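Listed here are the chains, written in short residue letters.
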Amino acid sequence: MLVCINVTFGFLQEQGGRPISYEMVSKKPEKEFRRLTGLSKHNFLVVYKFVGGDNMFDQMKYQYNSRTPNRRKKQKRPDRLTHHDRLLLTLMRLRRGFSIEDLALLFHVSSALIGDIFYAVVNLLYHQFLPLRERMFTTRAAQPTSVLPACLKSFKNFRATIDTTEVKIQVPYNYKQQGNTYSKYKSANVVNYLVACNCWGAVSFISPGYEGSISDVELFRVSGICDLLHPDDVLLVDRGFTIEEQTDALRVKLVRPAFLGDRDVFSQEENLMNSKISAARIHIERCIRKLKCFHILKRMTNNMIPMLDQIVFVIACLVNFDPPNIQALQERDM
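On a predicted model such as this, the values are computed, not experimentally measured, just so you know.

Participant: Would you mind going over helix α7 (residues 100–107) with me for this structure?
Facilitator: An α-helix turns once every 3.6 residues. As a result, residues three or four positions apart point the same way. In terms of burial, α7 is largely enclosed, as 6 of its 8 residues are buried. All of the buried residues along α7 are I100, D102, L103, A104, L106 and F107. Phi for H108, located one or two positions after α7, is positive at around 60 degrees.

See below:
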């Protein structure tokens, strides 16, 4: 939080008290723009156009009431903010974790307006990205052995590497929810997500969130990923995923580090395979680390929990605008 405060006052000093805007921020160096938004300047405009551009932002409704909860209504642009400003402040909140109050100070508008814009734009991003959910889960045909990176070359029919990640939340007011969301492993109240990445390290699947007490096995079962798998697909998993019952029924092959059990040492073949799996699985860890670079996930308050799944899915889509973690063999050899 101290970092956000320093950045806020740094902006205020730099602007001499003038409000920041997309026009101003877009003139900053590429590295600084990416640090603030999580996107390059080019990809910012790509996202803006993808979600509908000026036409969609013109139609957006920022305030709802009981009489018109679902009606989209063209309205006068609030205050002086441009359409690009609205997307900018939303991305700044997602990426840097700025509070509503900090953004109100930076953009010289009310906190209420910032809150309305943030929730509306996140909702817009979510619904525009949502049709991509199934297409994100890269098919096996799109990842043939000939294009697999070196670390995955040994795993024929590779489909995805999967793991879990968590988002820490405030202690819920409800006692039952306090117990259900508490993770003994993390010693905190969390919401768990199942994450998959393809052979290039891009997010290919992210599940809805489930209470922190859920096991990896149960999370895999209810996540919805089973509906996307095909016979002979190969999944790379960690030791905690003892999910043979589900994968055998789907005729999906698991590649998992060997268990030592009652033995003292692994066999030579097991050591070799464990090393290959570890080398391949490091990229799901990098993928999850990219998700957590969006600092709003470290400042999740109780009033934001109802939209947490939307925020996480939007972040997963934004992460995929980054260059891939792993370069394909064909690209590397050129």
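Participant: How should the packing of aromatic side chains be read in this particular structure?
Facilitator: Under the defined criterion, the tally for this structure stands at 7 aromatic pairs. With a centroid separation of 5.7 Å and an interplanar angle of 80 degrees, the aromatic rings of Y126 and F313 are classed as edge-to-face. Of this pair, Y126 sits in helix α8 (residues 111–129) while F313 is found in helix α14 (residues 308–319), placing the two residues 187 residues apart along the sequence. In terms of burial, Y126 and F313 fall into one category: buried. Centroid distance F137 to F205: 6.2 Å. Interplanar angle 70 degrees. Geometry classified as edge-to-face. With F137 in the loop between α9 (133–136) and β1 (158–168) and F205 in strand β4 (residues 203–206), this residue pair connects regions lying 68 residues apart in the sequence. Grouping residues by exposure puts F137 and F205 together as buried. Its end group placed over the ring of F118, R93 keeps NZ or CZ at 4.8 Å from the ring centre.

Participant: Could you clarify how one ought to interpret the UniProt feature "transmembrane region" (unreviewed entry) in the protein chain in this entry?
Facilitator: Under the present numbering, the feature "transmembrane region" (unreviewed entry) in UniProt falls on residues 103–126. Taken end to end, residues 103–126 is 88% helix and 0% strand, and its two terminal C-alpha atoms sit 21 Å from one another.

Participant: I tried to follow the pairing of β4 on my own but got confused; where do I start?
Facilitator: Regular strands show a simple pattern: their side chains alternate between the two faces of the sheet. For strand β3 (residues 188–197) and β4, the ladder comprises 3 bridges, and the chain directions are antiparallel. Looking across to β4, one finds that A196 is bridged to F205. Linkage of β3 to β4, two consecutive antiparallel strands, is achieved through a turn of 5 residues, within which G201 is found at a positive phi near 85 degrees.

Cut-offs and rules
- Residues numbered from 1 in each chain as written.
- Predicted model: local features only at pLDDT ≥ 70, side-chain atom pairs only at ≥ 80, totals over all residues.
- Heavy atoms only, no water.
- Buried < 20%, exposed > 50% of the residue type's maximum accessible area, 1.4 Å probe, protein only.
- Helix = DSSP H or I, 4+ residues; strand = E, 2+ residues; numbered from the N terminus.
- Phe/Tyr/Trp six-rings, centres within 6.5 Å; stacked < 30°, edge-to-face > 60°.
- Lys NZ or Arg CZ within 6 Å of the ring centre and 35° of its normal.
- UniProt positions renumbered as here; feature names shortened; annotations may be inferred.
- Pairing = 2+ DSSP bridges.

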